[in-house]
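This is what each chain is made of:
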Amino acid sequence: MSFAAFFSLYTRNMTTSFSTLPVVDVSPLKQPHPSRRDVERLSRQLYDVFATTGFAYLVGLPFSFDHDEIFDVTKEFFAIPLADKMRLAKHSFKHRNENTYRGYFPIQPHLASDNLKEGFEIGNPSIDHPSSSSDTRNSLKINLSEPNIWPSKVAFTAQARLEEMYVELQMFASKLLSLLAISLGKKADFFSSWLENSLSTLRLLHYPPVPRGPRSVSEQTEVKLSCTPHTDSGILTLLHQDATGGLEVLNASGDWIPAPYIPGSIVVNIGDLMAKVSGGRFTATMHRVRAPPPRPQQSGDLEQNFGRFSIPFFFEPGEDCVVTPIDGEGESVVYGEHVRKKMATWVEFQEDSGYDTGSTEDS
């Protein structure tokens, strides 16, 4: 498909060439039982957002943790020596490891020079994971239902807190899903069956800064990316981002709109699955990440030396969940099959037998 054809298809459902992202105050969700008026207002606001831009800032968040705490946890993880992080690496990077879905993935510059990031991801710490002896999914290349894998408590002291953050993000996303159900003319619990054995993922990401060096004129004007244009696969995504900047969202005019950090906010966007279920009412918007600016020649600033951090929470149904459009039109999909097809395009899930582990291999 040519880019022109792709762009025409992509923008078909977009109704605005936005220049900034809208802001939605979700503070009523701090209450155990928000008023009917607040629920109706929020459901209308979210419908308008996801029917137009597909992205928004959320403020008035109901979390027990703040921006600084979740990023302190993230920086603690990425400060772990590479050799120790590689002990958590997925099987595609370290073949002696059994984990295929959860755990660590390193930077892969030889596979994609415009997709430079390392990451660590966990799933639901509260569900019972099938045992390897009886789970038929183990015959598959990627085991979506495998348990989490962790560093030692000496190397990483924040495991329990990160698990608590996961639970809070899952609960908050579930409330947003109830509001979306109402906005689509359904009961608040319409999608509740989706969340049995939910595969939601909390991912810690680090985008290193681009090395400073001589560049040609064309390289100086070229947009350098750390994450290529894509849409998300699941229901919705909640993103904590730092002040480095880099997130950009594609509007209906073909312009990449910056989405910088607003203090006290997170970013929310719709995934492919929710766009499909809504019968085309909602838009899964393309987005990308610009590479962090080049590291200064000499800098004692830890933030500049580290680059960019972000923490997406991908809100997802269970692997066996059968997802059907609300209008009853169109094909149903099994979420596990849907996400596996998407994963085939993700660099961090490609077989990377060429990854040079160097000294990270332990004896």
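Everything here concerns the structure above.
These remarks concern the structure in this document. As the structure is a prediction and not an experimental result, all values here were calculated from the model.

1. Overview of the side chain of Glu 316
Looking at where Glu 316 falls in the secondary structure, it is placed in the loop between β12 (308–315) and β13 (322–323). Look at Glu 316: it is buried, it has no salt bridge, and the nearest opposite charge is Arg 102 at 5.5 Å. With sequence-adjacent residues up to four places away left out, Glu 316 is seen in contact with Tyr 101, Leu 195, Ser 198, Leu 199, Ser 200, Thr 201, Ser 233, Gly 234, Ile 235, Tyr 335 and Val 339.

2. Details of the environment of Trp 346
Looking at the secondary structure, you find Trp 346 in the segment after α9 (335–343). Other than its neighbours up to four places away in sequence, Trp 346 contacts Ser 233 and Val 339.

3. Structural notes on α9
All of the buried residues along α9 are Tyr 335, Gly 336, His 338, Val 339, Lys 342 and Met 343. Buried positions in α9, seen along its axis, are confined to an arc of 160° and lie on one side of it. Exposed side of α9, more than 90 degrees from the buried face: Glu 337 and Lys 341 are the residues found there. In this structure, the buried side of α9 is in contact with α7 (272–277) and β14 (333–334).

4. Digging into the pattern of salt bridges
When the charged atoms of two side chains with opposite charge come close together, those side chains can pair. Following the criterion strictly, the structure yields 13 salt bridges and no others. Between Arg 203 and Glu 121 there is a salt bridge, and its shortest N-O distance comes to 2.6 Å. A residue pair is termed long-range when its members are at least 10 positions apart, and Arg 203 in strand β5 (residues 201–207) and Glu 121 in strand β4 (residues 118–122) qualify at 82 residues. With relative accessibility at 7%, the residue Arg 203 sits in the buried group. Notably, a salt bridge pairs Arg 288 with Glu 248, separated by 2.7 Å at the nearest N-O pair. Remark: Glu 248 occurs in strand β8 (residues 247–250) and Arg 288 occurs in strand β11 (residues 287–290); sequence separation between them is 40 residues.

Cut-offs used in this document
Residues numbered from 1 in each chain as written. Predicted model: local features only at pLDDT ≥ 70, side-chain atom pairs only at ≥ 80, totals over all residues. Heavy atoms only, no water. Helix = DSSP H or I, 4+ residues; strand = E, 2+ residues; numbered from the N terminus. Buried < 20%, exposed > 50% of the residue type's maximum accessible area, 1.4 Å probe, protein only. Lys, Arg positive; Asp, Glu negative; His and termini not counted. Salt bridge = Lys/Arg side-chain N within 4 Å of Asp/Glu carboxyl O. Contact = heavy atoms within 4.5 Å. Arc of directions from axis to C-beta.

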